[in-house]
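# Chains, contacts and geometry: an overview
Below, each chain spelled out in residue letters.
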Amino acid sequence: MIKKIFTTLIGLFIGLALFAVGLLAIAVLTTYPKLPSLDAVQNYQPRMPLMIYSSDGKLIGSYGEERRAFTEIKDFPQVLKNAVIAAEDKRFYDHWGVDVIGVGRAIIGNLTSGGVQSGASTITQQVARNFYLTNERTLTRKFNEALLAYKIEQSLTKDQILELYFNQIYLGQRAYGFAAASQVYFNKPVQELTLAEASMLAGLPKFPSAANPLVNPKRAKQRQEYILNNMVELGMITPEQKNAAFNEELHYERHVQDIDQTSLYVAEMARQELYEKYGEDAYTQGFKVYTTVDTDSQRVATNALRKTLRGFDRGSAYRGAEGYLELSKDTDEDTEEIVGKYLSTMHAVDGLEPAVVITASKNKGITAQITTGERIQLTPAQMGGARNAVLNAKLEETQIRPGAVIRVQKVKGSGWRIAQEPALQGALVALDARTGAVRALVGGYNFHSKNFNRATQAMRQPGSSFKPFVYSAGLSKGMTAATLINDDPISIPGAGRGGRPWTPKNSDGRYDGPITLRHALTRSKNMVSIRILMATGVNYTQQYIQKFGFKPNNHPANLSMALGAGSSTPLQMAEGYAVFANGGYKVSAYVIDKIYDSQDHLKAQMQPLVAGENAPQVIDPRNAYIMYKMMQDVVKYGTARGALALGRSDIAGKTGTTNDNKDAWFVGFNPDIVTAVYIGFDKPRSMGRAGYGGTIALPVWVEYMRHALKGKPSTGMKVPGGMVLRGGEYFYKERQTTDPSLRIDNSSSRSDSDGTIGKPADTDSGAAAERELRPTNVNQDEQEIKPSNRRPVNNTDLDDLF
């Protein structure tokens, strides 16, 4: 009887086993063909961040959620490989994807310990899960995982599988892969890891949060000991090495990417362009983008602009807190952590350290926490005028109270003081005149505070800096630099506000009668500019300025166009002036030079339009040359004489100041480089008597161009063919005349030549003037223009209406 029962049970067991094997075989045969293709692992494309560099190879931007540095398996140190295998898969080189022996050992171990103490997922199974599956705990997922692991083992070598794992696995702190983790936790290349450091990192794949040494050092230490014991058991290290590694004191140093802070506006422009072309893939494909700017030029341009903005703001009243942070009402430790995390996202500029106010008292002053975690005390005396903002309810959202975000500055010998970033903003953009390559670009004082790029996005009135385009239109219609235009007052009936006459004025208050175009541009005569526009026609001129890249909707077809009452960005102005600088060719600005993929293969390279080669010629080169010579006089004798500080004879340009000194400009160039500088408040308001193009924008231009032109010969522009020189003036050969003084009067109040006057912009009349500057190294005789119809200039004269 017992024998029969035993035999029956054995038979039943064998039958059930065969049935189970059959079911398993059917499941395998059904599921295996449906497994996903292994393209993702066979042609591994890790998600790597977008990296943007300057032309001299400095990092200026990094974008992407995953920190990863792809590294070949041969470049990982053996000590790290051993530690990971000891931690995750002791029999990695012996199994076929699933470690059956390891599974059995884990089951027995968990049963004897009374709980789940260890798992049995191999490194190959983890690769399968990371690439194709989820982390859900189901039998179906585990079954598919095992089959995928087998399939991967049949397709890849062990080293290829290990390479995938070492580069793909998440290890906390936004670090993916061990190369990135080595930088994030220890700020060193992965090849330099010690046994202690390697065994600590090897504990992260299973518990990237719970065993993170920065968050939970005790748990991380326990995990490290487990791994070191396994390494001893596997004969990878000796017990002595294990003890030394376990007792080694580790120093964690978070890696901070060294990104050039003066090139952030350029990096953002490149990022936007990459995103427009590649979408979200731009942040994951590991593109390496090289731009056209070099960091030395960016540093000089940024410092020059910041210096002027700070100087203007010096002595201004305190404007209050930048914002507020909600502080914890619990413990002081919570407050410190909250403030520390917030400040880690902010950046100091020019020694202006961001800080958060912790306590505030009208009598005792404030306590504030800075980015280092240090708390500083400022007495009312140290706070200066800012003390009036402490707990001042009248200031509402700008008062200094707990949670207020402020700026502080360390003053040598007297501790800390309250400071603030300037409210005045500006932009500088420099272009290669022949190609349009951006050589330097600064879009404001501090990218981190306001990333609005004023060089490319700020549409502001260019004022008199726009006049050269109107004059160029006049030359295209037959005028010459020697053509006489009547510089007398003008009144246009019904063209002003409310239907009143429009009576613009010369900003110097003087009217010289018949005056040549050359002298009129030098002295920025508004009456002459208006009469040129009336003679050429506003519709013609509006079409003509499109040759320089200006859009007609930004420059309405009315007489105020002559005074620069339209809207342009500094970049558009630089592109427009480049046509004069390069002999009449239209080039387009660009910042991206080359794009490489994650394997350092060239993916794309800019093929720019080049003046004299493939760029379209939009104006006669003789027109460009005459405009260049006329604008050279603006530098020699006019409002841009401050540019003579460079000691060069090849520079030209034009200043501009708009109504009530709201916008100040200087756009200057030589045949190689064009630089436009704009200064103004984001919300337009007067800059006062200091806000003239020649006094606030020109010094920025000079400081940058001194660097940009250093060591370059002063050669000037070559005279194009088809020109004759008479009486010191150049003329088109077909227009030469013994009496070149074609006089255009237009003194009466009438419509322009095409029958259209148009409404002037609100900024046309009663505008502020621009002060003429006299460099100390130039005598008065040299400043005055030779022809007798030009009156002497004195140091108190005002020049531009706009």
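Let us now look at the overall build of the protein chain. Scanning the protein chain from terminus to terminus reveals 24 helices and 21 strands. Residue burial in the protein chain is summarised as follows: out of 802 residues, 52% are buried. Long-range contacts, defined as pairs at least 24 residues apart, comprise 71% of the intrachain contacts of the protein chain with a sequence gap of at least 6.

What follows deals with the nonpolar core. With 133 residues, the main nonpolar core has I679, W701 and Y704 as its most contacted residues. By size, the runner-up hydrophobic cluster in this structure holds 47 residues, among which are V127, L193, L204 and A220.

All right, on to empty space enclosed by the protein then. A water-sized probe rolled over the atoms picks out the places where empty space is left. Across all of its chains, the model carries 1 cavity of 30 Å³ or more by this definition. Taken as a whole, the largest cavity spans an internal volume of roughly 50 Å³. Around the largest cavity, the lining residues are Q261, T262, S263, L264, Y265, T302, R306, V442, G444, Y445 and F447. When grouped by side-chain class, the residues that make up the lining of the largest cavity number 5 nonpolar, 5 polar and 1 charged.

Here we take up helix α7 (residues 158-168). Of all 11 residues in α7, 8 are buried, a share of seventy percent or more. Turning to α7, its buried residues are K158, I161, L162, L164, Y165, F166, N167 and Q168.

To continue, consider the environment of G286. Note on placement: G286 falls in the loop between α12 (264-278) and β3 (288-291). On a C-alpha basis, the gap between G286 and S598 in space is 4.6 Å, while along the polypeptide they are 312 residues apart. Setting aside residues up to four positions removed in sequence, G286 forms contacts with M48, P49, Y596, D597 and S598.

What follows deals with the side chain of S560. For S560, the location among the structural elements is in the loop between α20 (538-544) and α21 (570-581). S560 gets classed as buried once you look at its relative accessible area, which sits at 4%. A distance of 2.2 Å separates the side chain of S560 from the side chain of N558, its partner in a polar contact.

The 5 strands lie next to each other as β2-β1-β3-β14-β15, forming an open sheet whose pairing is mixed. The sheet is open, and its two edges are formed by β2 (59-63) and β15 (602-605), each paired on a single side. Neighbour to neighbour, the strand axes of the sheet diverge by 20° on average, direction disregarded. Bridge count for strand β1 (residues 50-53) against β2 is 4 bridges, and the pairing is antiparallel. Bridging across to β2, I52 finds its partner in G61. Here α12 sits on the sheet and contacts β1, β2, β3, β14 (592-596) and β15; the angle it forms with β2, its principal contact strand, is near 40°.

Glancing now at the packing of helix α3 (residues 78-88) against helix α10 (residues 217-233). Relative to each other, α3 and α10 sit at 100°, their axes nearing to 8 Å. Considered as vectors, α3 and α10 are oriented roughly perpendicular to each other. Residues V79, N82, A83, A86, A87 and E88 of α3 form the contact with α10, whose participating residues are R223, Y226, I227, N230 and M231. Here the residues of the contact of α3 with α10 are counted per class, giving 7 nonpolar, 2 polar and 2 charged.

On the surface, a cluster of nonpolar side chains totalling about 460 Å² of accessible area is made up of M1, I5, L9 and L12. Checked against the element boundaries, L9 lands in helix α1 (residues 2-31).

This structure, assessed with the given rule, holds 28 aromatic pairs. Each ring, one from Y53 and one from Y290, has its centre 5.1 Å from the other, and the planes form 15°; the classification is stacked. Here Y53, found in strand β1, pairs with Y290, found in strand β3; they are 237 residues apart in sequence, far enough to count as distant. Summarising the aromatic geometry, the rings of F166 and F178 are spaced 4.9 Å apart at their centres and angled 50° between planes, so their arrangement reads as tilted. Taken together, the positions of F166 in helix α7 and F178 in helix α8 (residues 178-186) put the pair 12 residues apart, joining distant regions of the chain. You'll find F166 and F178 in the same group, each marked buried. Three or more aromatic residues joined by ring pairs form one cluster here, namely F466, F469, Y540, Y544, F548, F550, Y577, F580, Y628 and F669. Looking at K221, its charged tip hangs above the ring of F246, at a distance of 4.9 Å from the centre.

A few words now on α8. The buried count for α8 comes to 8 of 9 residues, which makes it a mostly enclosed element. Those residues of α8 that fall on the buried side of the exposure criterion are F178, A179, A180, A181, S182, V184, Y185 and F186. Where α8 is buried, its residues touch α3, α7 and α9 (195-201). Where α8 terminates, the next one or two residues include N187, which has phi positive at roughly 55°.

The rules we used
Residues numbered from 1 in each chain as written. Predicted model: local features only at pLDDT ≥ 70, side-chain atom pairs only at ≥ 80, totals over all residues. Heavy atoms only, no water. Helix = DSSP H or I, 4+ residues; strand = E, 2+ residues; numbered from the N terminus. Buried < 20%, exposed > 50% of the residue type's maximum accessible area, 1.4 Å probe, protein only. Contact = heavy atoms within 4.5 Å. Core = buried A, V, L, I, M, F, W, Y, C linked by side-chain atoms within 4.5 Å. 1 Å grid on protein atoms, 1.4 Å probe; cavity = no way out; pocket = protein on both sides within 12 Å on 5 of 7 lines; lining within 4 Å. Points joined across faces, edges and corners; volume = space filled by probe spheres on them. Nonpolar A, V, L, I, M, F, W, Y, C, P; charged D, E, K, R; others polar. Polar contact = N/O pair within 3.5 Å; in protein donor to acceptor, adjacent residues only side chain to side chain. Pairing = 2+ DSSP bridges. Axes fitted to C-alpha atoms, helices over the stretch in contact; angles between N-to-C directions. Parallel < 35°, antiparallel > 145°, perpendicular 65-115°, else oblique. Patch = residues over 30% accessible without salt bridge, like charges linked within 9 Å, V, L, I, M, F, W, Y side chains within 5 Å. Areas by Shrake-Rupley, 256 points an atom, 1.4 Å probe, with all protein chains shown as cover. Salt bridge = Lys/Arg side-chain N within 4 Å of Asp/Glu carboxyl O. Phe/Tyr/Trp six-rings, centres within 6.5 Å; stacked < 30°, edge-to-face > 60°. Lys NZ or Arg CZ within 6 Å of the ring centre and 35° of its normal.

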